[in-house]
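# An overview of the molecular structure
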Amino acid sequence: MMAAVRAAGLGQQVALIEKNASGGKKLLLSGKGRCNLTNAAGLEEMLERFSGHGAFLRDAFKTFDNRALMSFFRERGLPLKVERQQRVFPESDRSSSVLDVLKKELGRLKVEKFFNKTARSLLAHNGQARGVEFTDGSRLKADKVILATGGASYAFTGSDGSGIALAGKCGHTIVDIRPGLVPLVVKAGQVATLEGLTLHNIRLRWSCPGKHLDTEIGELLFTANGVSGPLVLTCSGVIVDWLRQVKEVVLHIDLKPGLSTEQVDSRLQRDFRTFARKSLKNALKELLPQRLIEVCIRVCAFDARVQCNQVTAAMRQKMVSFLKDFQLTVTGSLPLEEAMVTRGGVSLKEIDPRTMESRLIKGLYFAGEMIDIDADTGGFNLQAAFSTGYLAGESAARSA
Ligand SMILES: Cc1cc2nc3c(=O)[nH]c(=O)nc-3n(C[C@H](O)[C@H](O)[C@H](O)COP(=O)(O)OP(=O)(O)OC[C@H]3O[C@@H](n4cnc5c(N)ncnc54)[C@H](O)[C@@H]3O)c2cc1C
């Protein structure tokens, strides 16, 4: 939609093709229905959030960065607000208000819409794009084609990977498609009693033979069969890649990152003196949520009825280990369909980052999640889609 808006804004006759009855289904879902449309961070910080591929986006961001995107929406009557971690949302808290601006703009610029039309293949002649063919056999001729068909998750929104396959069919290398920003699954039974519990201010460390990854302090959410929440989602892409080489990755949860091992030990000694006649279960209430106390007692193999004045130094050491290094065994992730973003896609090597034009087929451009770029949560993925869309629309229009 942004590509169409930019190309039409530069005076081109533009057709927007969409397989659904209307556009922007995934946009409507984004940010839990509130649409975290961008992030207010500076350019360098933004680029760092793109799992090693940020450099590719430098030109797209220079052409249309987060400030330009925010102005685009504000100038069209959509007030925005910046929330924690510089996440930008519409003041309305409704993603539909973001989509409405785009739809109105498409209408104002007289972009012709073809809904319920699925592009099946590219029409090309002598290495030059000439239009697209649809699944119903009909064709649309065009001097330039911009593919912006999204990733391959939440297929009911329309982005089912068919556009990526189309790019592959016309000769483009497709980097392995895999889930990013996805909840992780742990060994059966490890978190069964913790579903729904959120831990704030914890630190995570991930390890497998020869590799480890540390996080900042943040939040973790236990799910029915594993872990999720911002810290987990951010690391999930890397962990999914590790799990292609090893069977298991160990997740180490530091439940008290603000305290050293010695400080945790002192704290326990003090608490056990204060609550000498209380059961361990009751004495730990200030340190851990109830459900986690039960897990602690199970993991340390203690008798639940044991009193604080019966805790030995060896038992205390076990508890210190639990508090500083509660370990879970990660065995996989939810499937791609349930990932917030698709990793992999059209190879960056075959796209000119200054224009988004294919290096293989003249007049063919790419934008958005179908390209082999993906980022952290925080509005970066939508910003990348808007920026690459804008640049693709501009390049296509200017070379017409
Ligand atoms: C639940 C969820 C929440 C998210 N929240 C956020 C968030 O808050 N902030 C953020 O930055 N990112 C978020 N994302 C990611 C973000 O939504 C995507 O990265 C972004 O929508 C990608 O934009 P796109 O235009 O490339 O693809 P899409 O938005 O997927 O749009 C592609 C369009 O192409 C159409 N299409 C596909 N194939 C064909 C075909 N062959 N022919 C015709 N039409 C076709 C589809 O129907 C679709 O409408 C979220 C993702 C999910 C799943």
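Not measured: the values here are computed from a predicted model.

### Things to note about the side chain of Glu350
If you trace the backbone, Glu350 turns up in the loop between strand 17 (341-346) and strand 18 (351-352). Although Glu350 is buried, it forms no salt bridge, and the closest oppositely charged side chain is Lys349 at an N-O distance of 8.0 Å. At a separation of 3.3 Å, a polar atom in the side chain of Glu350 contacts the side chain of His172. Sequence-distant contacts of Glu350, that is, excluding residues within four places in its chain, are made with Gly171, His172, Thr173, Glu357, Ser358, Arg359 and Leu360.

### Description of the pairing of strand 16 (residues 326-333)
Note: strand 11 (residues 184-186) against strand 16, 3 bridges, orientation antiparallel. Residue Val185 lies in a different strand from strand 16, and its bridge partner there is Gly332. In the sheet, strand 15 (residues 249-254) pairs with strand 16 via 5 bridges, with the strands oriented antiparallel. Its bridge partner lying in strand 16, Val249 is registered against Val330.

### Structural notes on the layout of surface pockets
Reported here for the second largest pocket is a volume of approximately 510 Å³. For the second largest pocket, the lining is made up of 24 residues, of which Arg49, Gln85, Leu231, Thr234 and Asp376 are closest to its centre. Ranked by residues supplied to the lining of the second largest pocket, first place goes to strand 13 (residues 211-222) with 7 residues. Here the residues of the lining of the second largest pocket sort into 8 nonpolar, 8 polar and 8 charged. When residues of the lining of the second largest pocket are assigned to domains, at least three fall in each of domain 1 (2-179 + 342-398) and domain 2 (183-333).

### Observations concerning the packing of aromatic side chains
One pass over the structure, following the stated rule, counts 8 aromatic pairs. Measuring from ring centre to ring centre gives 6.3 Å for Phe64 and Phe72, while their planes differ by 85°; the resulting arrangement is edge-to-face. Exposure remark for Phe72: the relative accessible area of 7% places this residue in the buried category. Judged by centre distance (4.0 Å) and plane angle (0°), the ring pair of Phe64 and Tyr390 falls under stacked. Taken as a pair, Phe64 in the loop between helix 4 (58-63) and helix 5 (66-75) and Tyr390 in helix 13 (residues 380-398) lie far apart in primary sequence, 326 residues in all. There is no split in this pair, since Phe64 and Tyr390 are both buried. The positively charged end of Arg34 is found above the aromatic ring belonging to Phe89, 3.9 Å away from the centroid.

### Structural notes on the site of the ligand
Near the ligand, the surroundings consist of 26 residues, among which Glu18, Gly31, Ala119, Glu369 and Leu382 are the closest. For the ligand, an oxygen atom lies 3.0 Å from a polar atom in the side chain of Ser159. Within the backbone of Gly379, an N or O atom sits 3.5 Å from an oxygen atom of the ligand. When the free accessible area of the ligand is taken as 990 Å², the share hidden by the protein chains comes to 89%. Here the shell around the ligand gets 4 residues from one element, more than from any other, and that element is helix 13. Grouping the constituent residues of the shell around the ligand by class yields 7 nonpolar, 14 polar and 5 charged.

Cut-offs used in this document
- Residues numbered from 1 in each chain as written.
- Predicted model: local features only at pLDDT ≥ 70, side-chain atom pairs only at ≥ 80, totals over all residues.
- Heavy atoms only, no water.
- Helix = DSSP H or I, 4+ residues; strand = E, 2+ residues; numbered from the N terminus.
- Buried < 20%, exposed > 50% of the residue type's maximum accessible area, 1.4 Å probe, protein only.
- Lys, Arg positive; Asp, Glu negative; His and termini not counted.
- Salt bridge = Lys/Arg side-chain N within 4 Å of Asp/Glu carboxyl O.
- Polar contact = N/O pair within 3.5 Å; in protein donor to acceptor, adjacent residues only side chain to side chain.
- Contact = heavy atoms within 4.5 Å.
- Pairing = 2+ DSSP bridges.
- 1 Å grid on protein atoms, 1.4 Å probe; cavity = no way out; pocket = protein on both sides within 12 Å on 5 of 7 lines; lining within 4 Å.
- Points joined across faces, edges and corners; volume = space filled by probe spheres on them.
- Nonpolar A, V, L, I, M, F, W, Y, C, P; charged D, E, K, R; others polar.
- Domains from an automatic or database assignment.
- Phe/Tyr/Trp six-rings, centres within 6.5 Å; stacked < 30°, edge-to-face > 60°.
- Lys NZ or Arg CZ within 6 Å of the ring centre and 35° of its normal.
- Near = heavy atom within 4 Å.
- Areas by Shrake-Rupley, 256 points an atom, 1.4 Å probe, with all protein chains shown as cover.

In short, the description is geometric, and any link to function would need to be established separately.
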